[in-house]
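Here are the chains, one letter per residue:
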Amino acid sequence: MHIAFIGLGNMGSPMAINLVKAGHDVTVFDLVESSMRQLESEGARSASSAMEAVHGAEVIVSMLPAGVHVRGLYLGREGQAGLLDQIDGQPLIIDASTIAPEDARIVAEAARQRGIEFLDAPVSGGVGGAKAGTLTFIVGGPEAAFQQARPVLEAMGKNIFLAGEAGAGQVAKICNNMLLGILMSGTAEALALGVRNGLDPATLSEIMKQSSGGNWALNVYNPWPGVMENAPASKDYQGGFLVDLMMKDLGLAWDLALDSKAAVPMGSEARNLFALHAAQGNGRLDFSSIQRLYRSDMPE
Ligand code: NAD
């Protein structure tokens with residue numbers, strides 16, 4: 001299949017490489033030249049603009065930082081036409097970025113008016129999942145377009161869900177990441193309380209894992225340094241999922257709650273904790289570094 005891939009960042013690059021490995025004919029575009037050179041060395045073709053990349057493509061995949069970039073790419077900005085106004089043919093569009101559901105719906109509707117299907121397909125699984133091709137895709141859009149996208153998504157991911165109509169993928173992703181932010185800060189809080197009262201963090205973690213407090217953070221992403229060898233906490237909180245990205249997702253959850261008049265007291269608390277942590281200069285650390293907010297006597 002001829003696939004255009006726009007946005008070769010931490011996530012997009014390994015995802016595009018997996019499409020090449022699956023035998024697709026992939027043309028890539030990113031604003032950063034070096035990212036395109038890397039993809040060329042993996043067997044992709046590069047283009048000098050997004051418009052050139054999508055020329056003749058059957059499927060377009062985008063993986064951009066935020067809603068402003070996705071709207072800009074497809075709808076245009078500052079007097080520049082967007083892709084939807086210039087595309088020839090009717091390629092299927094899969095946007096895997098994490099953006100506001102409303103942004104996804106706006107672009108999906110604009111695409112639909114031009115006879116083009118647009119799916120929001122945010123992912124879970126991080127850079128590790130993107131490299132291993134084991135991402136979870138959480139899709140919003142029409143069933144028929146979802147089925148058409150499936151083989152492409154299967155080259156990049158393992159678990160593929162249709163959450164509902166346009167925007168539903170983003171809603172589900174936002175709910176998941178709000179829960180993740182709550183679970184990570186709650187886990188860090190419990191560990192800090194136990195250690196302050198004389199417990200060994202590894203022993204306490206094992207006890208909670210096997211008890212009713214068990215959760216994903218304890219199982220695979222322990223925030224206390226040294227408890228889990230391969231977790232970012234044991235690597236000075238380098239790599240992994242940035243505090244800044246968790247802030248972005250908790251902000252999306254907050255906006256969604258405001259729009260739908262939903263109460264999210266735990267999500268708001270988690271957002272405030274991560275905001276405080278980010279304001280102390282920790283935005284580029286892995287999000288499990290929220291542990292540091294809970295203790296001053298923790299090993300650096
Ligand atoms: P990133 O900042 O590493 O990459 C984004 C890429 O988009 C950059 O290479 C940038 O140059 C490019 N870009 C921006 N505007 C562009 C344009 N107009 N045309 C072409 N390229 C453009 O971000 P990332 O970590 O790859 O994340 C991408 C998306 O995936 C975000 O929405 C993020 O929230 C989501 N996400 C990230 C993770 C993670 O662990 N990093 C996990 C799940 C979801």
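Residues numbered from 1 in each chain as written. Predicted model: local features only at pLDDT ≥ 70, side-chain atom pairs only at ≥ 80, totals over all residues.

Taking the numbering used here, the UniProt-annotated feature "domain: 6-phosphogluconate dehydrogenase NADP-binding" (unreviewed entry) corresponds to residues 3-164. Secondary structure content for residues 3-164 is 40% helix and 26% strand, while the C-alpha to C-alpha distance between its ends is 24 Å. (UniProt positions renumbered as here; feature names shortened; annotations may be inferred. Helix = DSSP H or I, 4+ residues; strand = E, 2+ residues; numbered from the N terminus.)

Turning next to the site of the ligand. In the vicinity of the ligand, 27 residues are found, and the nearest of them are Gly7, Gly9, Asn10, Met11 and Thr98. Looking at the shell around the ligand, the elements with two or more residues in it are α4 (67-75), α6 (126-132) and α11 (243-260). Per element, the largest residue contribution to the shell around the ligand is three residues, and it comes from α4. Its residues assigned to classes, the shell around the ligand comprises 15 nonpolar, ten polar and two charged. A domain-level breakdown of the shell around the ligand finds at least three residues from each of domain 1 (2-165) and domain 2 (171-294). (Near = placed C-beta within 6 Å. Nonpolar A, V, L, I, M, F, W, Y, C, P; charged D, E, K, R; others polar. Domains from an automatic or database assignment.)

This next bit is on the packing of helix α8 (residues 168-196) against α11. In the contact formed by α8 and α11, the axes pass within 9 Å of each other and the chain directions differ by 120°. Of the two possible hands of crossing, α8 and α11 adopt the one that is left-handed. When α8 is examined against α11, the residues Val171, Ile174, Asn177, Met178 and Gly181 are found in contact with a partner set consisting of Met246, Asp249, Leu250, Leu252, Ala253 and Leu256. (Axes fitted to C-alpha atoms, helices over the stretch in contact; angles between N-to-C directions. Left-handed = near helix turned anticlockwise from the far one by under 90°. Contact = placed C-beta atoms within 7 Å.)

Let's shift gears to helix α7 (residues 143-154). With twelve residues, α7 extends 16 Å between its outermost C-alpha atoms, agreeing within 8% with the 16 Å of an ideal straight helix rising 1.5 Å per residue. Buried residues of α7: Ala145, Phe146, Ala149, Val152 and Leu153, and no others. Considered in projection along α7, the buried side chains sweep an arc of 110° and stay on one side of the axis. Exposed side chains of α7 directed beyond 90 degrees from the buried face belong to Glu143, Ala144, Gln147 and Pro151. (Expected span 1.5 Å × (residues − 1). Buried ≥ 20, exposed ≤ 12 C-beta atoms within 10 Å, placed from the backbone. Arc of directions from axis to C-beta.)

So, about unusual backbone geometry. For aspartate 236, which is not a glycine, the phi torsion comes out positive at approximately 60°. Examined against the element boundaries, aspartate 236 turns out to sit in the loop between α10 (216-220) and α11. Even without a glycine there, the phi angle at lysine 261 is positive, about 55°. Checked against the element boundaries, lysine 261 lands in the loop between α11 and α12 (265-282).

Taken domain by domain, the protein comprises domain 1 (2-165) and domain 2 (171-294). A C-alpha centroid distance of 29 Å is found between domain 1 and domain 2. The interface of domain 1 with domain 2 comprises nine residues on the first partner and eleven residues on the second. A per-class count over the side of domain 1 that touches domain 2 returns six nonpolar, three polar and no charged.

The buried fraction of strand β2 (residues 25-29) is high, at four of five residues. Strand direction decides the pairing type here: strand β1 (residues 2-6) and β2, joined by five bridges, are parallel. Among the inter-strand pairings, phenylalanine 5 is bridged to a residue of β2, identified as valine 28. After leaving β1, the chain enters helix α1 (residues 12-21) and then returns to the sheet as β2, a path that is right-handed. Pairing between β2 and strand β3 (residues 45-46): two bridges, direction parallel. Looking at the pairing, threonine 27 lines up with arginine 45 of β3. In this fold, the crossover linking β2 to β3 by way of helix α2 (residues 33-41) has right-handed handedness. (Pairing = 2+ DSSP bridges. Right-handed = clockwise from strand over helix to strand, strands pointing away.)

Here we come to the nonpolar core. Side chains that are nonpolar tend, in soluble globular proteins, to be buried together. If you look at the biggest cluster of nonpolar residues, it comprises 92 residues, and the most contacted ones within it are Ile3, Phe5, Ala16, Val28, Ile94 and Leu119. The leading source of residues in this core is α8, at eleven residues. Both domains that furnish three or more residues to this core are identified here as domain 1 (2-165) and domain 2 (171-294). (Core = buried A, V, L, I, M, F, W, Y, C linked by C-beta atoms within 7 Å.)

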